[in-house]
Amino acid sequence: MEHDNDMQENEDVSPGPEEAAGRKAGSPTERDGELVDGEGEPIVALTMNEYERLQEDLEKVRLEAEKHLDSWQRALADYNNLRRRTEIEREQMRGELVGKIIGPFLDVLDDLDLAVRSRPAEGGEGSWGEGIELVYRKLLSRLESAGVRVMQVEGLEFDPHFHEAITHEENEAFESGRIIAVVKPGYLIGDRVLKPAMVRVAA
């Protein structure tokens, strides 16, 4: 009987299948009233209020991140606009500077142009005429390399922004307001007028 009682006691202390499963590595268990994982570390349980508070904090962080991103994008756009304006202003300043330097030479170029166009049709000018034309072509080439262009205006409609009318005269070959001929050429640097073209205009 004692043997039977010992067996009965052994059967009473043996863990059941569910209890044994609960003690497997990694399974949560309760220790001193606290829920712990298989490694003995406490498992943090959140109440609904705590969960909602964390969600609110997360939303605040997200909104703050979007705000900073928007500010960065605006700053980048402002920087790009400033850079473009600076480039435009620099080009305008360059044009103005070149215009101030080159401007006085345009009158010389006009005189050379007039001399070339006024030379005799046949002979008489000799090497002098050829020299005048050579100087004119060389000076014009130097100006073109600096960005200066001669206006091509013959036959175009008169535009006071680019042209200066010397005369208005009847001419059956041209419509009213059209440029008949150029008295003195005009010059541009980029789109800016260095000197307007002096022209004859059809009335």
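Residues numbered from 1 in each chain as written. Predicted model: local features only at pLDDT ≥ 70, side-chain atom pairs only at ≥ 80, totals over all residues. Heavy atoms only, no water.

## Quick notes on the nonpolar core
Ranked by internal contacts, the top residues of the largest apolar core, which has 14 residues, are Ile102, Leu109, Tyr136 and Leu143. Every element with two or more residues in this core is listed here: helix 3 (48-118), helix 4 (126-145) and strand 6 (187-189). Ranked by residues supplied to this core, first place goes to helix 3 with six residues. When sequence neighbours within four positions are dropped, the list of residues in contact with Leu143 reads Ile102, Leu106, Leu109 and Val148. (Core = buried A, V, L, I, M, F, W, Y, C linked by side-chain atoms within 4.5 Å. Buried < 20%, exposed > 50% of the residue type's maximum accessible area, 1.4 Å probe, protein only. Helix = DSSP H or I, 4+ residues; strand = E, 2+ residues; numbered from the N terminus. Contact = heavy atoms within 4.5 Å.)

## Structural notes on the pattern of salt bridges
Side chains that differ in sign of charge can pair as their charged atoms come close. Evaluation of the coordinates by the stated rule reveals five salt bridges. A salt bridge links Glu59 to Arg62, with the shortest nitrogen-to-oxygen separation between them at 2.4 Å. With a gap of three residues between them, Glu59 and Arg62 both fall in helix 3, about one helical turn apart. Judged by its relative accessible area of 34%, Glu59 falls in the partly exposed class. (Salt bridge = Lys/Arg side-chain N within 4 Å of Asp/Glu carboxyl O.)

## Topic: the sheet that holds strand 3 (residues 148-150)
Across the sheet, which stays open at both edges, the three strands sit in the order 3-6-7 with antiparallel pairing between neighbours. Each edge of the open sheet is held by one strand with a lone partner, namely strand 3 and strand 7 (192-195). The sheet shows a mean angle of 35° between the axes of neighbouring strands, direction not considered. Two strands pair when backbone bridges link them, and strand 6 and strand 7 are joined in this way by three bridges, in the antiparallel orientation. In the sheet register, Tyr187 faces strand 7, and the bridge partner there is Lys195. (Pairing = 2+ DSSP bridges. Axes fitted to C-alpha atoms, helices over the stretch in contact; angles between N-to-C directions.)

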